[in-house]
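# Structural overview
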Amino acid sequence: MKKKLIALLLCLCIAAAMIPAVSAYTNVSGWAKESVDAMSTLGFLPASLSAADMSRNITRGQMCQMAVLVYNEIMGTPGVGPDSTKNFDDTSDPAINYAYEQGIVGGYGDGRFGPNDPLTRQDFFKITYNMMATAFWDPHTVEMRTIDGFDDASSVSNYAVAATKAMVTIGVVQGDGSLLRPKDYTSCEQAITMFLRAYRYMNEWMNAQSEENKKIEIYAQGFSNISTWAIREVKEMDEKGMIPSVLDNCDMSQPITRAQMCSIAVTAYGKITGEPYTAKSTNHFTDTSDPDVNAAFELDIVGGYGNGVFGPSDTLTREQFFRIMANFMKVIGYPRDDTRAATLSTYSDGYKVADWAAPATRLMIYIGAARGDGKNINPQGQTKIEEAIAVFLRCYKYTVAWKEAHPDGEPELDEQAALISDLLAFAKSFEGYPYVYGGNGPNSFDCSGFVLYVYRHFGYSFARGAQEQYMDGMHVDFDDLLPGDLVFFTSYGGNNWTNSSFRNITHVGLYLGDGYFIHASNPTRGVVIDTLWSGYYQSHFWGACRMIKE
């Protein structure tokens, strides 16, 4: 996908046009309330709509302002504004000019835009279609439905036919299914509800396209039969150079062997330490001289069956794999090989885990490396290559994150501080995961879904929405921030000292310390680490709260 990213400076005039106010909209129909509230929470209602009568017709100017807010979110360029060009004779609204310059809207052709004119439904379809296509959406990837089944299809103007077909196809247009009413005006609540559907669709489409691109790229490396859930992690392991040559062109659905697992561990050890390890002897076992097997044995990552036998071609059970992973984490610097914070009794087959494997299995569950369905562990089941690679990557990322926070080893921490330390390492293991509106994990998240997923993994639960999350916690001042606190932002410049209503909150992240926080940013960036000192987040910081209290 080819798309230039806009890199213009924050324009004060567009900010003034689009600043969301405390939501005071009126006359919202019951069917539209959830969508209007959601768009407000997301920060997608400009000032002109935040206090609007939702039953009234939306204007062309208001639609531009809303489209620009969503467009900038999708593009990952919050706060950007237009240049100084005045494109129309009847308006200097910066949002309208910006939307025109990006190809989202057009005028009447005689120098007029008609900012206060009510918006027809077909114009809504066209603006929404343009916004999506001007961002990342490729309409050619979708098989468009015909609109011939609608009784009034022939009344759709030529310029809006393609857009109308697209909106019907992707479910933006719903209703009774027999009428499009293309030249009817669009009420505020109708436009907001349909635009939210378009935004949700864009999230899902972008994530699907990203995953498909990853699949194409990783299959081009010669791998085959990779499950959809494993594509991202297999590709990341490959990009990190931690898939050894013994797995070149492998079928990822096949069980991994004990020797192959040794090769992964030894390769990763070299990447982490910067010093590839070479076995000092190749005679540790009678049934293999594989240098990776012997290296893994010398590093205390694996052991044998006894009597000099290793079984290099034997497949790994899941509990054997968990034990190897716990050993690997310890070798590269994670100090624990068990935890009291996880139990096997909640799993229907937890009692089947062998005593020698129970500590490692508990650890894999605690750090989130072993996910599964939450009901079964299947300890004696075979481990597929793709499963081994995915779980290995999770352990690797968790351990690296933990070590970054503890370069001198594990300090003497109280129970709460140790919990926060593990919680942050767990959160950082999701860096690079996609943003999807409404995503609750474990494969995709939105901002509030991400922080809730991380906390729930450690036994804490609170509200789903960012605004409600702020109210659930203990409020803390900026100067008193501690790692693990939730940090909140608004889509306009200001904080809770300039406007005390928590209803202005539109985004949330998890504070890591030293000015950094991790968050599910937007559809373009996914889960990333940013700094509170950056221009946008510093000026849009709203407040903070603490979920784990002493």
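Scroll up to find the structure this text is about.
Scope of this entry: the structure provided in the associated data block.

## A look at the packing of aromatic side chains
Enumeration over the complete set of coordinates arrives at 37 aromatic pairs. Judged by centre distance (6.2 Å) and plane angle (70°), the ring pair of Phe124 and Phe195 falls under edge-to-face. Of this pair, Phe124 sits in helix H6 (residues 121-134) while Phe195 is found in helix H8 (residues 188-219), placing the two residues 71 residues apart along the sequence. Take Phe124 and Phe195: they sit in the same class, and that class is buried. With a centroid separation of 4.7 Å and 45° between ring planes, the pair formed by Phe328 and Phe392 is classed as tilted.

## As for the nonpolar core
Of all hydrophobic cores here, the largest spans 167 residues; its most connected members are Met66, Trp137, Met261, Met364, Phe450, Leu486 and Leu510. The dominant element in this core, judged by the number of residues it contributes, is H8, at 13 residues. In contact with Met66, other than residues within four places in its own chain, are Met39, Phe44, Leu45, Pro46, Leu49, Ile58, Ala191, Ile192 and Phe195. One finds Val476, Val487, Leu532 and Ala544 within the second-largest nonpolar core, a separate group that totals 10 residues.

## Details of the pairing of strand S5 (residues 527-531)
Two strands pair when backbone bridges link them, and strand S4 (residues 516-520) and S5 are joined in this way by 5 bridges, in the antiparallel orientation. Bridge pairing in S5 links Ala520 to Val527.

## With respect to helix H7 (residues 161-169)
An α-helical turn contains 3.6 residues, so any two residues separated by three or four positions project in the same direction. Along H7, the residues classified as buried are Ala163, Thr164, Ala166, Met167 and Val168. Those residues of H7 hidden inside the fold are in contact with H6. Just downstream of H7, Gly171 is the residue with a positive phi angle, here 85°.

## Side note on the sheet that holds S4
Read from one edge of the open sheet, 6 strands run S1-S6-S2-S3-S4-S5, paired in antiparallel fashion. This sheet does not close on itself; its edge strands, each paired only once, are strand S1 (474-476) and S5. Across the sheet, the axes of successive neighbouring strands diverge by a mean angle of 35°, strand direction being ignored. One ladder, built from 3 bridges, connects strand S3 (residues 505-513) with S4; its direction is antiparallel. Its bridge partner lying in S4, Gly513 is registered against Tyr516. Contacting S3, S4 and S5, helix H15 (residues 415-428) runs over the sheet at an angle of about 120° to S3.

Criteria and thresholds
- Residues numbered from 1 in each chain as written.
- Predicted model: local features only at pLDDT ≥ 70, side-chain atom pairs only at ≥ 80, totals over all residues.
- Heavy atoms only, no water.
- Phe/Tyr/Trp six-rings, centres within 6.5 Å; stacked < 30°, edge-to-face > 60°.
- Helix = DSSP H or I, 4+ residues; strand = E, 2+ residues; numbered from the N terminus.
- Buried < 20%, exposed > 50% of the residue type's maximum accessible area, 1.4 Å probe, protein only.
- Core = buried A, V, L, I, M, F, W, Y, C linked by side-chain atoms within 4.5 Å.
- Contact = heavy atoms within 4.5 Å.
- Pairing = 2+ DSSP bridges.
- Axes fitted to C-alpha atoms, helices over the stretch in contact; angles between N-to-C directions.

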